[in-house]
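# Topology and contacts: notes
Listed below are the residues making up each chain.
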Amino acid sequence: MAAPVASLALGVPDADPAATQRRSRTRGLLRTLEITVPGAILLVLLFFCFIWPLVYPVPSPTYGSVLDASLPLWSPGHIFGTTNVGYDNMARILYGGRTTFEVAAAVQVIGLVVGGLLGVVAGYAGGIVEAVLMRVLDIFIAFPSLVLILAIVDGLGQSELHVIWALSAFSIPAVARVARAGTLRLRDQPFVVAARLSSVKAWRIISGHIVPNLMPQLFTFSLLGTGIVIILESGLDFLGYGIPDPAPSWGGMIAYGQTVMSVALSPLVVPSLFLFGTVVCLNLVGDGLRNRWGVR
Amino acid sequence: MSASVTLGPPERIPGHSGTEPDGRPGGAYVRRLARSPALRLAGRRLLIAIPVLWGVTFLTFVVENALPGDAAQALLGANATPAEIRAESIKLHLNQPLLIRYWDWLWAALHGNLGNSLYSGQPVGPIIAQRLPVTIDLVVYALVVTLVISIPLAVLCARRPGGIIDRTIMALCMAGLSIAPIVLALLLLQVFSGYLHNLLPALASGTGNDPRDLTMPALTLALPLAAFYIRFLRADLIEQMQSEDYTVTALAKGLSRWRVLTRHALRNSFIGLLTVIGLNLATLIGVTVIAESIFGLAGMGNELLQAIQHRDVPLLEGIVLVFAGFVVLVNLATDLLYSVLDPRIRHGRSGS
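Only a predicted model underlies this, so the values are computations on that prediction, with no experimental measurement involved.

### Section: the overall build of chain A
Of the regular secondary structure elements, chain A holds 11 helices and 0 strands. Secondary structure elements of chain A occur, N-terminal to C-terminal, as α-α-α-α-α-α-α-α-α-α-α. Across its three principal axes, chain A shows a C-alpha extent of roughly 75 × 60 × 35 Å. Within chain A, buried positions represent 46% of all 296 residues. A separation threshold of at least 6 residues defines the contact pool for chain A, and within that pool the share at least 24 residues apart is 70%.

What follows is the structure, encoded as structure tokens:
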């Protein structure tokens, strides 16, 4: 039923099989490139942020000479120029990227583990456990995320660790929601019912049947969420509530760029491009994997 | 979803029945609505909203009081002696235990008194009343812009999925989803106030009365949201066109694809879109803080940043309460509209 309906609705004529095959092959190649190209860019970026400073003498991001202050783009020794106190922008991009990736990865791992666990338990247990857990998570979801994060970071004091805690308050409920919905869908599937009927213990059903089946969905969801976390983190840095000051961050660099944008655009454009490029690549990989694995 | 759809004469197809008036008198409609599960649903959602709002205020209170520094210190500055700080904190009742202070605040708030700002000494209610209209204007403006952009573009995409128009719009959407609001705001600033010679003013006059002031902040909010809506609506439209029986029937009867898309599928997709709007609102309010801060709009977001800076707990609590209440109310409204628009929900199960 499904196939003829689809072709009727799409109005796709049945062309000769060779052309169809050729088209499907190029489409397959395109779909592979859709994942591998942004994935490769991300890997290169990760390499430069984490390994490059170990093998190459990158200047310190928080030390510089006033004699080198406010150098323009492509200056010798400082290809991205320097800030108004002579910090090397290239080093600040690399070390800022390091913080960005660390925070994003930590937040999503915490979100996946804690949120995933809460969601699966709530979905599988049902009843009062589910009601209480979901109401508590509703509090976090009804809350404007940036407002909550600002309040938490401000309350705990500024540091990378506290930024991670605050952003986790956003990722945990989001993952928990998806995990619960997925568990509810899986709970009445024949293979789970069969396991339950053959008196497999609840935690074994969860760890052996439900979690493995949820993994692709949760993984792509948190990959797409990573972009949002990076954007939120840059917003925090921009407002001055993120990574505390001399330490570099992309959001902080953009905030500095805004103050000099009437004089020079490069301090604004360079970190903006890195921020945008990273999130685009993450979103492309996430979208591509989602299409490939057929999860929604 | 498709299982409950029965193929029959067009009058019985969902999506038609709610929208073709067939001489239905208005009064009867209202009466039927009052008896419907929608109102019971509204009551239940309101009851659920109470613990949510309570939790939000309690969380803010605890978090804001976790740090050693307090409002007395922020008020008097770094040069104040410990005795001065102590006197000031007794004056502001900051020396009492956390739970007692929270209870005092909550009790007053339940009587409609949100207390006085610790920093300026003015009552919180009027401060919020002054700032709220700017933010509401901004959010409504942004939502209107979003819908005006996203609905036609999504229909264009769904008209020929995989075509050149579709691919271009999808690529733009990917860019829109990936751009951080701070980057977008500064880009708009550079384009409209820089390259286009101050077509729109870089710094708002602050009051938000001039729609030109609100345009750039609203675009900052609207463009990423539009990207999200276009993707959502496009996926939904394509699915409706491919797998729903009513569209296949309409196509089989000889209606043009365009007509089926705009008259039949789009109407049903609006229902899904409505829920998404409700869910996105919390994020949207978060972005208003950034937009207001960059464009210097004197709205709730800027007030919030100041309240955080001054550790002004009563003002912060008031703002947070208004934000959370706003989100809860809009979600309730979307739920209700949802059941008005979708007869299957109105007559069937009372939503879970």
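### Examining the pattern of salt bridges
All names here are of chain A. One pass over the full model with this rule turns up 5 salt bridges over all chains. For the salt bridge of R180 with E130, the shortest nitrogen-to-oxygen distance reads 2.6 Å. Taken as a pair, R180 in helix α7 (residues 160–187) and E130 in helix α5 (residues 127–142) lie far apart in primary sequence, 50 residues in all. Assessed through its relative accessible area of 24%, R180 is described here as partly exposed.

### Observations regarding helix α6 (residues 145–156) of chain A
Each full turn of the α-helix corresponds to 3.6 residues, which orients residues three or four apart in the same direction. Residue and element names in this part refer to chain A. With 12 residues, α6 extends 16 Å from end C-alpha to end C-alpha; this agrees with the ideal 16 Å at 1.5 Å per step. In terms of burial, α6 is a largely internal element, 11 of the 12 residues being buried. Three or more residues of α6 are buried, namely S145, L146, V147, L148, I149, L150, A151, I152, V153, D154 and G155.

### Some words on the layout of surface pockets
All names here are of chain B. When its volume is computed, the second largest pocket comes out at roughly 450 Å³. Lining the second largest pocket are 17 residues, with L92, H93, W105, L118 and P314 sitting closest to its centre. Put simply, the parts of the chain that give the lining of the second largest pocket at least two residues each are α5 (98–110) and α13 (313–341). Its residues assigned to classes, the lining of the second largest pocket shows 9 nonpolar, 6 polar and 2 charged.

### Quick look at unusual backbone geometry
Of note in the backbone geometry, A:S199 takes a positive phi value of approximately 50° without being a glycine. Residue A:S199 is classed as exposed on the basis of its relative accessible area of 63%.

### Thoughts on the state of the cysteines
A covalent bond between the sulfur atoms of two cysteines is referred to as a disulfide. If you walk through the whole model with that rule in mind, you get 0 disulfides over all chains. Here A:C281 is not cross-linked by a disulfide; its sulfur's nearest cysteine counterpart is in A:C49, at 12 Å. No disulfide involves B:C173; its sulfur sits 6.4 Å from that of B:C157, the nearest cysteine.

### Re the confidence of the model for chain B
Any residue range with low pLDDT should be treated as having predicted coordinates unsuitable for detailed reading. All names here are of chain B. On average, residues of chain B score 79 in pLDDT, and 81% of them reach the 70 mark or higher. Mean pLDDT values over the elements of chain B span from 62, in helix α1 (residues 26–35), up to 93, in helix α7 (residues 164–178). For residues 1–24, every residue scores under 50 in pLDDT, and the model assigns this stretch 27 contacts once sequence neighbours within four places are set aside.

### Observations concerning the interface of chain B and chain A
Frequently, the measure chosen for interface size is the accessible area that the parts lose on association. In this assembly, 51 residues from chain B lie in contact with 47 residues from chain A. Around 4,000 Å² of area is buried between chain B and chain A when both sides are counted, 74% of it from carbon and sulfur atoms. Summed over the shared surface of chain B and chain A, the number is 1 salt bridge. When the shortest N-O distance is used, the salt bridge between B:R231 and A:D287 registers 2.8 Å. Inspection of the region where chain B meets chain A yields 2 residue pairs in polar contact (both at pLDDT 80 or more). Elements represented by at least two residues in the side of chain B that touches chain A include exactly α2 (37–64), α7, α8 (181–195), α9 (211–243), α10 (245–252), α11 (257–295), α12 (300–309) and α13 of chain B. A total of 10 residues in the side of chain B that touches chain A trace back to one element, the largest contributor, which is α11(B). Split by residue class, the side of chain B that touches chain A holds 37 nonpolar, 9 polar and 5 charged.

### Topic: the packing of aromatic side chains
Here the distance between the centres and the angle between the planes together describe a pair of aromatic rings. All told, the structure shown has 14 aromatic pairs over all chains when counted by the stated rule. Here a set of aromatic residues connected by ring pairs shows up, and it is made of B:W54, B:F58, B:F61, B:Y102 and B:W105.

### A look at the packing of helix α10 (residues 250–259) of chain A against α8(B)
Contact pair α10(A) / α8(B): the axes reach a minimum separation of 11 Å and the direction vectors enclose 15°. For the element pair α10(A) / α8(B), the angle class is roughly parallel. Judged by the sense of rotation from one axis to the other, the crossing of α10(A) with α8(B) is left-handed. Across the interface between the two elements, A:G251, A:I254 and A:Q258 of α10(A) pack against B:I182, B:V183 and B:L186 of α8(B).

### Description of helix α9 (residues 202–239) of chain A
An ideal rise of 1.5 Å per residue puts 56 Å on 38 residues; α9(A) reaches only 46 Å between its terminal C-alpha atoms. Positive phi shows up at A:G240, right after α9(A), with a value of about 90°.

### Side note on empty space enclosed by the protein
Gaps left between atoms show up when a probe the size of a water molecule is rolled over them. Residues and elements named next belong to chain B. A complete count under the given rule lists 4 cavities of 30 Å³ or more for this structure. Elements supplying a minimum of two residues to the lining of the largest cavity: α6 (124–159) and α13. Considering every element that reaches the lining of the largest cavity, the biggest residue donor is α6, with 4 residues. Here the residues of the lining of the largest cavity are counted per class, giving 6 nonpolar, 1 polar and no charged.

### Some points on the environment of A:Y256
All names here are of chain A. In this fold, Y256 is placed in helix α10. Between the alpha carbons of Y256 and L156 there is a distance of 25 Å; along the sequence they are 100 residues apart. Residues within four places of Y256 in sequence aside, it is in contact with T83, N84 and P267.

### Considerations on the side chain of B:Q240
Examined against the element boundaries, B:Q240 turns out to sit in helix α9. Not counting the four nearest positions on each side in its chain, B:Q240 is found in contact with B:Y246, B:T247, B:A265, B:N268 and B:S269.

### A closer look at the side chain of B:T57
All names here are of chain B. You can see T57 is positioned in helix α2. Note on T57: relative accessible area 3%, which makes it buried. In this structure the side chain of T57 is engaged in a polar contact, spanning 2.9 Å, whose partner is the side chain of Y102. When near neighbours in sequence (up to four residues on either side) are disregarded, T57 contacts Y102, W105, E317 and L321.

Calculation notes
Residues numbered from 1 in each chain as written. Chains lettered and ligands numbered in written order. Predicted model: local features only at pLDDT ≥ 70, side-chain atom pairs only at ≥ 80, totals over all residues. Heavy atoms only, no water. Helix = DSSP H or I, 4+ residues; strand = E, 2+ residues; numbered from the N terminus. Buried < 20%, exposed > 50% of the residue type's maximum accessible area, 1.4 Å probe, protein only. Contact = heavy atoms within 4.5 Å. Salt bridge = Lys/Arg side-chain N within 4 Å of Asp/Glu carboxyl O. Expected span 1.5 Å × (residues − 1). 1 Å grid on protein atoms, 1.4 Å probe; cavity = no way out; pocket = protein on both sides within 12 Å on 5 of 7 lines; lining within 4 Å. Points joined across faces, edges and corners; volume = space filled by probe spheres on them. Nonpolar A, V, L, I, M, F, W, Y, C, P; charged D, E, K, R; others polar. Disulfide = S-S within 2.5 Å. pLDDT = per-residue confidence, 0-100. Buried area = accessible area lost by both parts, 1.4 Å probe. Polar contact = N/O pair within 3.5 Å; in protein donor to acceptor, adjacent residues only side chain to side chain. Phe/Tyr/Trp six-rings, centres within 6.5 Å; stacked < 30°, edge-to-face > 60°. Axes fitted to C-alpha atoms, helices over the stretch in contact; angles between N-to-C directions. Parallel < 35°, antiparallel > 145°, perpendicular 65-115°, else oblique. Left-handed = near helix turned anticlockwise from the far one by under 90°.

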